Amino acid sequence: MADAVLLVIGACFVLPLLWLVLGSLDPAAGHGTKVPLRPALDNFSAVLTPELLFRPLWNSLLLSAGTGAVTLAAAVLAAYPLSRFRSRFNTPFLYGILFGTCLPVTAIMVPVYGLFVQLQLLDSLPATVLFLSATSLPMAIWMTRNFMDAVPLAVEEAAWVDGASRLAALRSIVLPLMGPGLGVVFIFVFIQAWGNFFVPFVLLLSEANQPAAVSIFSFFGQYGAVAYGQLAAFSILYSLPVLALYGIVARGAGNPLALSGAVRG
Amino acid sequence: MARHHQRRQLARYLPVLPAILLLAVFLAGPVLWAFQASLTNAGLTGRHARNPEWVGLENYQRLLQDPVFPLSLALTVLFVGGSAVLGQNVLGLALAVLLRRARPAVSAVVGTAVVAAWVLPEIVAAFAAYAFFSRDGTLNQLLGGMGLAEVDWLYAVPMLAVIMANVWRGTAFSMLVYRAALGGVPAELTEAAHMDGAGAWQRLVFITLPVIRGSIATNLMLVTLQTLAVFTLIWVMTAGGPANGSSTLPVMAYQEAFKFGDIGYGTAVASVLILIGAVFGAAYLRLLREQKP
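Predicted model, so just to flag it, every value in this text is computed and none were measured. Positions within a chain are numbered from 1, following the residues in the order the chain's sequence is written. Going through the entries in the order they are written, you letter the chains from A and number the ligands from 1. The predicted origin of the model limits local features to residues at a pLDDT of at least 70 and limits the giving and counting of side-chain atom pairs to 80 or more, whereas totals for whole chains, interfaces and linings rest on all residues.

> Can you tell me about the overall build of chain B, naming the residues and giving the values?
A run of H or I in DSSP becomes a helix once it reaches four residues, and a run of E becomes a strand once it reaches two; helices and strands are each numbered from the N terminus. Across its full length, chain B holds 16 helices and 0 strands. C-alpha atoms define the radius of gyration, and 2.2 Å times the number of residues to the power 0.38 defines the globule rule. Whereas a compact globule of 293 residues would reach a radius of gyration of roughly 19 Å, chain B reaches 24 Å, over 25% beyond that.

> I'd like a description of the overall build of chain A, backed by residues and values.
Check the secondary structure of chain A and you find 13 helices and 0 strands. The linear arrangement of helices and strands in chain A, starting from the amino end, is α-α-α-α-α-α-α-α-α-α-α-α-α. The principal-axis extent of the C-alpha atoms belonging to chain A is close to 70 × 60 × 30 Å. Buried residues are those with 20 or more other C-beta atoms within 10 Å of their own C-beta, exposed residues have 12 or fewer, and partly exposed residues lie in between; C-beta atoms are placed from the backbone. Looking at chain A as a whole, 45% of its 265 residues are labelled buried.

> Run through the interface of chain B and chain A, naming residues and quoting values.
Residues are treated as contacting if the C-beta atoms built from their backbones sit within 7 Å of each other. Facing the 77 residues of chain B at the interface are 70 residues of chain A. Looking at which element gives the most residues to the side of chain B that touches chain A, the answer is helix α16 (residues 263-291) of chain B, with 14 residues. Per-class residue counts for the side of chain B that touches chain A are 57 nonpolar, 14 polar and 6 charged. Polar here means any residue outside two lists: the nonpolar Ala, Val, Leu, Ile, Met, Phe, Trp, Tyr, Cys and Pro, and the charged Asp, Glu, Lys and Arg; Gly therefore counts as polar.

> If you had to explain helix α9 (residues 179-195) of chain A to someone new, which residues and values would you point to?
What a helix should span is 1.5 Å times the count of its residues minus one. If you check α9(A), its first and last C-alpha atoms are 24 Å apart, about what 17 residues at 1.5 Å a residue would give, namely 24 Å. Among the 17 residues of α9(A), 13 are classified as buried, and the element is accordingly described as predominantly covered.

> A description of the packing of helix α4 (residues 90-102) of chain A against α16(B) should follow, citing residues and the corresponding values.
When two helices pack together, their arrangement is given by the angle between their axes and by how far apart the axes lie. Their axes nearest at 9 Å, the elements α4(A) and α16(B) cross at an angle of 135°. Here α4(A) is positioned oblique relative to α16(B), judged by the angle of their axes. For the pair α4(A) and α16(B), the sense of crossing is right-handed. In this structure, α4(A) contributes A:Tyr95, A:Leu98, A:Phe99 and A:Cys102 to the contact, and α16(B) contributes B:Gly277, B:Phe280, B:Gly281, B:Tyr284 and B:Leu285. Residue composition of the contact of α4(A) with α16(B), by class: 7 nonpolar, 2 polar and no charged. Simply put, an axis is a line fit to the C-alpha atoms, just over the touching stretch for a helix, and the angle between two N-to-C directions goes from 0 to 180 degrees. Our angle categories are set so that under 35 degrees counts as roughly parallel, over 145 as roughly antiparallel, 65 to 115 as roughly perpendicular, and the remainder as oblique. Note on convention: the crossing is left-handed when the near helix lies turned anticlockwise from the far helix by less than a right angle, right-handed when the turn is clockwise.

> Give a detailed account of the packing of α4(A) against helix α6 (residues 125-149) of chain A, specifying residues and quantitative values.
Residue and element names in this part refer to chain A. Between α4 and α6, the least distance of the axes is 8 Å, while the angle of their chain directions is 135°. By the angle class used here, α4 and α6 are oblique. For the pair α4 and α6, the sense of crossing is left-handed. Seen from α4, the contacting residues are Ile97, Leu98, Gly100 and Thr101; seen from α6, they are Pro138, Met139, Ile141 and Trp142. Grouping the constituent residues of the contact of α4 with α6 by class yields 6 nonpolar, 2 polar and no charged.

> If you had to explain the nonpolar core to someone new, which residues and values would you point to?
Soluble globular proteins tend to pack their nonpolar side chains together in the buried interior. Only buried residues count toward a nonpolar core: Ala, Val, Leu, Ile, Met, Phe, Trp, Tyr and Cys, linked into one set through C-beta atoms within 7 Å. In this structure, A:Ala75, B:Ala129 and B:Met237 are the most contacted members of the largest nonpolar core, which totals 163 residues. Apart from the residues lying within four places of it in its own chain, the contact partners of B:Met237 are B:Ala126, B:Ala129, B:Tyr130, B:Phe133, B:Leu154, B:Ala161, B:Val162 and B:Ala165.

> Quick one: what's the story with unusual backbone geometry, residue by residue and with numbers?
Comment: phi is negative for the bulk of residues other than glycine, and the bulk of peptide bonds are trans. All names here are of chain A. The backbone phi angle of Gln120 is positive, close to 55°, even though this residue is not glycine. For Gln120, the position within the fold is in the loop between α5 (105-118) and α6. In this structure Gln120 comes out as exposed when scored by C-beta crowding, with 9 C-beta atoms within 10 Å. You will see that Asp123, though not glycine, has its phi angle at about 65°, which is positive. Inspection of the secondary structure assignment puts Asp123 in the loop between α5 and α6.

> An account of the environment of B:Thr227 is requested, with residue identities and associated values reported.
Residue and element names in this part refer to chain B. Residue placement: Thr227 occurs in helix α13 (residues 213-228). Here Thr227 falls in the buried class, since 25 other C-beta atoms lie within 10 Å of it. In sequence terms Thr227 and Leu143 are 84 residues apart; their C-alpha atoms lie 28 Å from each other. With residues near it in sequence (within four places) discarded, Thr227 still touches Phe79, Val80, Ser83, Ala84 and Asn166.

> Give a description of the confidence of the model for chain B that names residues and reports values.
A residue's pLDDT is the predictor's confidence in that residue, given on a scale from 0 to 100. When pLDDT is averaged along chain B, the result is 88, and 98% of the positions lie at 70 or above. This complex was scored by the predictor with a pTM of 0.88 and an ipTM of 0.87.

> Break down the environment of B:Met252 for me, with residues and values.
Residue and element names in this part refer to chain B. Residue placement: Met252 occurs in helix α15 (residues 249-259). Distance from Met252 to Leu73, taken between C-alpha atoms, is 9.7 Å for residues 179 residues apart in sequence. Non-local contacts of Met252, meaning those with residues more than four positions away in its chain, are made with Val68, Ser72, Gly240, Ser247 and Val269.

> Kindly report on the environment of A:Tyr95, identifying the contributing residues and their values.
All names here are of chain A. With respect to the secondary-structure elements, Tyr95 resides in helix α4. Judged by the 13 C-beta atoms lying within 10 Å of it, Tyr95 falls in the partly exposed class. Considered as a pair, Tyr95 and Pro138 are 43 residues apart in the sequence and their alpha carbons are 9.7 Å apart.

The structure is reproduced here in structure tokens:
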């Protein structure tokens, strides 16, 4: 009984995705889902050009890896005192940034655009990286601090006894022990940045800077004609990296919730 | 001595500085800027782009008279209530319960399908949903195949279409939250109730749900906040149309600011949205503190 109900629900979830897969193999694809008369890889080969695929994906990579690196660095630095020292500052700060995660980012985009105009940062990849880092930082700090709390202080103290400074102990003892956790945080931030559409759509204007999420509109012709087959093929190639990364984390971490950003105290 | 201690304390917290700077400039800054800009007539281009003038509460007065605003507010409530509170939350719980009863192979396949819709980049999910609900899309093909009447979903019932699309897109989150929560329900509890002759439904309603009520409250709060911010899905599927028929607050703020070039008015709409998010955010923090023993 449970099996049957589940399979029906599962089918409903797969159906919209079926169009992507079948459409990408059908050179004459439209809105509808149909098994291609002559399945071919024409759409994929049409998409495999520097302009259509490689440059947007490279921009996506720069954006996501940059955001991951900046976020992780700032999160590790911030998490250390929050995890290791007791202070009246900790709780208000942690709840304050948690409150920050609650603000709807889409509501902030209009003011952020205004801010970027004033600071003349529009169409700047580094500035967009910094903004994306700021939006993912609260969650990253929470996750990093939780992972750091799990590294016992005793291990670190042993290094101090041997004459290592706090920074040296952090680098050579604590961070390696947190390795898998830091990987989860990085991938989590990377996936979010890779999939984000609205932020680069508002902040990055020139084609040379646009990531795949925004350049996908190049499949919409000027007169309303849409190359659906190519759109589907491009979507699949663009989605594969995050599907693979998610697979790694879900398998390795055992708890896919680590990725969901669900915070519980 | 006290001063020395204070200085040491300050030095210890120095590493937090980069994070604070980033958050202050790119998160707190825009929020404050929004409240300020909503009191001006800042424009996207032209004279008012360079030298916005102070107009006081004019934008908010206009908001109260604009017939689109109450509509947009109502649509936002409908969207959040329908797709998050009802759709994702209930379906997510149902899936989590069913996944524990089904055969492992079935639950692995179905779980993956549900999560796939959620992991995909938002623009890809939005295009897939657009194609699915469009006039000659998959849904109408299915209905036609079953001999039922076809519906032009995106034009005739745009809200229903975007609500269903958002349930499809976001249910995985609730499912994962409830899967973790159900895993923490002690087996003795439900077994004892089983011995006492309680049926499956009774066990769910009287034992399981009360035990996981903390997770239910947390999940409701988080999906509400996430859904409040949904823009891309609606914008790709209907662009807020037809005739503002699916223009929730994020879509309205975007259109006023970027389509009609009125940054001042757009930020006024955005400010309202930020305030709504802040209220739910404060409620969420309270909830977390209460749950902590």
